[in-house]
Amino acid sequence: MNLRLDFGVVWERWPLFVDGAWMTLQLAVLATLFGFALGALCAVGRRSGPPWLAGLCGAYVEAIRNTPLLVQIFLVYFGLASLGFSLSAFTVAALALTINVGAYTTEIMRAGFDSIPRGQLEAGECLGLSQRQVYWHVLLLPAMERVYPALTSQFVLLMLASSVTSQISAEELTAVANYIQSDTYRAFESYITVAVFYLALSFVMRLGFWGLGLLLFPRRRRLGTPL
Amino acid sequence: MSQPTSSSAGPVVALRDVHKSFGSLKVLDGVSFEVARGEVLAIIGRSGSGKSTALRCIDRLETIESGEITVCGHRVSDPKLPLRALRLDVGIVFQSYNLFPHLTIEENICLAPVTVKGRRRAEARETARRVLGQVGLGDKLDSYPEQLSGGQQQRAAIARSLAMEPQVMLFDEVTSALDPELTGEVLRVIEQLAAGGMTMVMVTHEMGFARRVADRIVFMHRGKVWETGPATILEAPETAELRQFVGSGL
Ligand SMILES: Nc1ncnc2c1ncn2[C@@H]1O[C@H](COP(=O)(O)OP(=O)(O)O)[C@@H](O)[C@H]1O
Ligand SMILES: [Mg+2]
């Protein structure tokens, strides 16, 4: 075995890594925000919408959960292109990741809704709350609190999965590593470096979600329930 | 105390020949009874005899097939009934407490006054303090439900209902999930409410309590009001079914 690592030429190009990490983070944040909104709406539509809407949301979830992310990305990329839209790789990547994580969010939120006992909803109704108020105060907020850990794991997974968007030349972290390894012939070093960047990004995201959780869910903060 | 919505002369709750089925299962088979203002009615009977269903129909958690229900002047059996108006007049407490787990006791109590009645938060807090004092939980404002014992949670649930100043309170086996000691503390709270003149309908298995607190007893059997009268019917039942029920309960 003759392993000789030389990080010098790879690390010389550190600004490229930083740019890539920044783009990965932007993709993750955008897809998390829009994907969460999409997923929450679909979960509501699936639970309380008219049959056609519930069916549509269900079909969306199944279609996304049962096809590879890379294929979804290509579908958005070439689909939009053939419709005559010319969007940047970044926009296409953000869009595809949003659609993808939206489906998983729908499922997680649905599990959260289902975990709220019927008696809770009845108690809300009996106190005079309107349907909408029951939805917000008795269903959505407690469900969110319950599934928050599952949601945040999903969002971190999404950030890692964004590496696939290098395939459509979005200039995120993995694309940067691909480029640097072909430029320097230091493949192993390039990917070790990029792995460390991903680790750091995961850590930052988990830390952010932890802090956000403390803000959003005072009960967890007060009772010290782990997030 | 706010004034009743209807003339205070008539009954607060009235069921007339109410029929209700779940699929092919007839659960209420011509149920009629009335509750006057300030009266305490206890509904007793075997499990499955339709007690909970009768109570749930009063608050329109279930709809009925035929018959008539009026509550505080609201025609509950009318499909076009504005539900909110009914629910402002009726408070209901369940066996499983149903406190909202993500809110403190104070927030649980303030939620409806603020969102439904549009009370200011400070005012709602004042109410929360008052009703919690009433049920002996003045020191639990900032606790979360899971930090309380079952008996305390049930008293908090009663306080949450009281904060809406209902005209009538419904209790569905509110002590069935509690051990005897905690049962006692909840029953004392209900007894105080009764003494304070609250109109109440309670489904209960606590025979001693029903005898002591109820002005009138309704014994349900197979979806019918099998026997009804003052608490003395428990000592001298007319029907074999009530005799057997009272006997088995001891
Ligand atoms: N939502 C429902 N769907 C179907 N059957 C029900 C439902 N609620 C109650 N029942 C049935 O109706 C009967 C009466 O129930 P209930 O009113 O809860 O009785 P009780 O409170 O006297 O024990 C029972 O046989 C019960 O299984
Ligand atoms: Mg029952």
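Just so we're clear, the structure is a prediction, and the values are computed from it rather than from any experiment. (Residues numbered from 1 in each chain as written. Chains lettered and ligands numbered in written order. Predicted model: local features only at pLDDT ≥ 70, side-chain atom pairs only at ≥ 80, totals over all residues. Heavy atoms only, no water.)

**Q** For this particular structure, what's the right way to read the sheet that holds strand β6 (residues 90–93) of chain B?
**A** Two strands in a sheet stick together by hydrogen bonds in their backbones, pointing the same way (parallel) or opposite ways (antiparallel). All names here are of chain B. Overall, mixed pairing links the 6 strands, which are arranged β6-β7-β8-β3-β9-β10 in an open sheet. Since the sheet does not close on itself, it has two edges, and those belong to β6 and β10 (224–229), each with one partner. Neighbour to neighbour, the strand axes of the sheet diverge by 20 degrees on average, direction disregarded. In this sheet, strand β8 (residues 199–203) lies alongside strand β7 (residues 168–172) in parallel orientation, the contact comprising 5 bridges. Counterpart to D172 in the pairing with β8 is V203. (Pairing = 2+ DSSP bridges. Helix = DSSP H or I, 4+ residues; strand = E, 2+ residues; numbered from the N terminus. Axes fitted to C-alpha atoms, helices over the stretch in contact; angles between N-to-C directions.)

**Q** Hey, could you run me through the site of ligand 1 in this one?
**A** Residue and element names in this part refer to chain B. The immediate surroundings of ligand 1 are formed by F22, L25, V27, R46, S47, G48, S49, G50, K51, S52 and T53. Taking K51, its side chain carries an N or O atom lying 2.8 Å from an oxygen atom of ligand 1. Between S52 and ligand 1, the recorded distance is 2.7 Å, taken from a side-chain N or O atom to an oxygen atom. For ligand 1, whose unbound accessible area comes to 560 Å², protein coverage reaches 60%. For the shell around ligand 1, the elements supplying multiple residues, two or more each, are β2 (25–35) and α1 (51–58). For the shell around ligand 1, the element with the highest residue contribution is α1, accounting for 3 residues. Taken together, the residues of the shell around ligand 1 sort by class into 3 nonpolar, 6 polar and 2 charged. (Near = heavy atom within 4 Å. Polar contact = N/O pair within 3.5 Å; in protein donor to acceptor, adjacent residues only side chain to side chain. Areas by Shrake-Rupley, 256 points an atom, 1.4 Å probe, with all protein chains shown as cover. Nonpolar A, V, L, I, M, F, W, Y, C, P; charged D, E, K, R; others polar.)

**Q** In this structure, what is going on with the packing of helix α7 (residues 131–161) of chain A against helix α9 (residues 187–216) of chain A? I would like to understand it.
**A** Helices that pack against each other are described as a pair by the angle of their axes relative to one another and the distance between those axes. All names here are of chain A. At their nearest, the axes of α7 and α9 sit 10 Å apart, and the two run at 155 degrees to each other. Compared by their axis directions, α7 and α9 come out roughly antiparallel. The chirality of how α7 crosses α9 is right-handed. Contacts between α7 and α9 pair Y148, T152, F155, V156, M159 and L160 from the former with Y198, L201, S202, M205, R206, F209, L212 and G213 from the latter. (Parallel < 35°, antiparallel > 145°, perpendicular 65-115°, else oblique. Left-handed = near helix turned anticlockwise from the far one by under 90°. Contact = heavy atoms within 4.5 Å.)

**Q** Looking at this structure, I do not really get the pairing of strand β3 (residues 40–45) of chain B. What am I missing?
**A** Along any regular strand, the residues point their side chains to alternate faces of the sheet. Residues and elements named next belong to chain B. Within β3, 6 of the 6 residues are buried, which leaves the element mostly enclosed by the surrounding structure. Where β3 lies against β8, 4 bridges are found, and the strand directions are parallel. The partner of V40 across the bridge, within β8, is M200. Relative to strand β9 (residues 216–221), β3 is paired through 5 bridges, and the arrangement is parallel. When the bridges of β9 are listed, I44 appears paired with F219. (Buried < 20%, exposed > 50% of the residue type's maximum accessible area, 1.4 Å probe, protein only.)

**Q** How do you make sense of a nonpolar patch on the surface when you look at a structure like this?
**A** Side chains of V29(A), L30(A), L33(A) and F34(A) sit close together on the surface and give an oily, nonpolar patch of about 370 Å² of accessible area. Residue placement: L33(A) occurs in helix α2 (residues 14–48). (Patch = residues over 30% accessible without salt bridge, like charges linked within 9 Å, V, L, I, M, F, W, Y side chains within 5 Å. Salt bridge = Lys/Arg side-chain N within 4 Å of Asp/Glu carboxyl O.)

**Q** Teacher, can you tell me more about the pattern of salt bridges here?
**A** Any two side chains of opposite charge can pair, on the condition that their charged atoms come close. Applying the stated criterion to the full structure yields 27 salt bridges over all chains. For R56(B), the salt bridge goes to E122(A), with nearest N and O atoms at 2.7 Å. Separated into two different chains, R56(B) in helix α1 and E122(A) in helix α6 (residues 118–126) make up a pair that spans both. For R56(B), a relative accessible area of 13% translates into the label buried.

**Q** Would you take a moment to explain the interface of chain A and chain B for this structure?
**A** When the parts come together, some accessible area is lost, and that loss is often what is quoted as the size of the interface. With 23 residues of chain A in contact, the opposing surface of chain B contributes 25 residues. Summing both sides of the interface, chain A and chain B together bury roughly 2,100 Å²; the carbon and sulfur share of this comes to 58%. Here chain A is connected to chain B by 3 salt bridges. Along the contact surface separating chain A from chain B lie 10 residue pairs in polar contact (both at pLDDT 80 or more). Mapped by element, the contributors of at least two residues to the side of chain A that touches chain B are α6, α7 and α10 (218–223) of chain A. It is α6(A) that contributes the most residues to the side of chain A that touches chain B, 8 residues altogether. The class makeup of the residues in the side of chain A that touches chain B is 9 nonpolar, 7 polar and 7 charged. (Buried area = accessible area lost by both parts, 1.4 Å probe.)

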